[in-house]
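Here are the chains, one letter per residue:
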Amino acid sequence: MKIYSYSQLNTFKSCSEKYKIMYVDERKNTKEGIEAFMGKRVHDTLEWIYSQYNIKRSVPFKEIEEFYDCIWKSSWHDEIYSVRDFKTEFYYSLGKHCLANYYYKYGPEFNQSVYATELMISFKLNGFNFRGIIDRLDYDGEGNWIVHDYKAGKSTLSAPATKRDGQLALYQIAVMQKPEIKNIKSIELRWHFLQQGLERSVIHTEESLNKIKNKLKDMIHSIESAEYFEPKETMLCNWCHYWDDCSAKQTTNPVRKAL
Ligand code: SF4
């Protein structure tokens, strides 16, 4: 059974050959960019912040730094690569900076009404199966839900772009389809751009959500009807670990190993 994710749709949009390599041919690749590695460790730490261990206590930032440091070291592996000319310490500190921005906004007690963190979701859109993971879902007990998404990268989205964004719109559709979620008065979508300490928030109308649904359906239709998967060479190739499998590239990606 074919199961889509938002990142699959996004990969198809950015380069359809990469989509084919990853999701049709299912070529395995253990390489990872240092930015993605850092983002995952920030996510791990934010998940820990909202764990049972920290409920109803004040969490010193020192402990957050210690957890981050520990998860960074224990997750480190040999296949992490860096495109830019920055040292590993730069990315390590950037992750800490993201956490500090979050801490000073929400800490030290982190008493938000958390329903779940790293919530696995599976749902349907136009008969197609989807899955994903919601970073955090909050519930106020009165029918009001917030879907949170943490972004540790350097790009942000403008307010109009968040209104058009398909990723969190898909998560909203997933929440609306979850059988155990009965009482829904409102669903807010909230992005946390952690490097910049910036937040954006959207509450869709039925009309705006339908508009995005239609766009997503068109994207699935393009994938389902694709006969050729063309390579699309852009700046993003620098962060692509599939040069050995790509018809447009003659060499291996010249990125350097992060040490
Ligand atoms: S190297 Fe570039 S063109 Fe080739 S698969 Fe990767 S993203 Fe696509």
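This section reports on the structure supplied with the text. From a predicted model like this one, the values you see are computed outputs, not experimental measurements.

Neighbouring the ligand are 14 residues, the closest being Cys15, Pro231, Cys237, Cys240 and Cys246. Considering only residue class, the shell around the ligand consists of nine nonpolar, no polar and five charged.

Counting 27 residues, the largest nonpolar core has Leu137, Trp145, Val147, Leu168, Leu170, Tyr171 and Val175 as its most contacted members. Here this core takes six residues from helix H7 (residues 166–177), the largest share from any one element. Summarising the domain contributions, this core has at least three residues from each of domain 1 (18–110 + 231–257) and domain 2 (114–224). For Leu137, the contacting residues outside a window of four places in its chain are Tyr115, Ala116, Leu119, Trp145, Val147 and Val175. One finds Val42, Phe67, Tyr91 and Ala258 within the second-largest nonpolar core, a separate group that totals 21 residues.

This paragraph deals with the sheet that holds strand E9 (residues 256–257). Strand order in this open sheet of three strands is E2-E3-E9, and the pairing throughout is mixed. Among the strands making up the open sheet, the edge pair consists of strand E2 (32–33) and E9. Relative to E9, strand E3 (residues 80–82) runs antiparallel, the two sharing two bridges. When the bridges of E9 are listed, Tyr81 appears paired with Lys257.

About the cut-offs
- Residues numbered from 1 in each chain as written.
- Predicted model: local features only at pLDDT ≥ 70, side-chain atom pairs only at ≥ 80, totals over all residues.
- Near = placed C-beta within 6 Å.
- Nonpolar A, V, L, I, M, F, W, Y, C, P; charged D, E, K, R; others polar.
- Core = buried A, V, L, I, M, F, W, Y, C linked by C-beta atoms within 7 Å.
- Buried ≥ 20, exposed ≤ 12 C-beta atoms within 10 Å, placed from the backbone.
- Helix = DSSP H or I, 4+ residues; strand = E, 2+ residues; numbered from the N terminus.
- Domains from an automatic or database assignment.
- Contact = placed C-beta atoms within 7 Å.
- Pairing = 2+ DSSP bridges.

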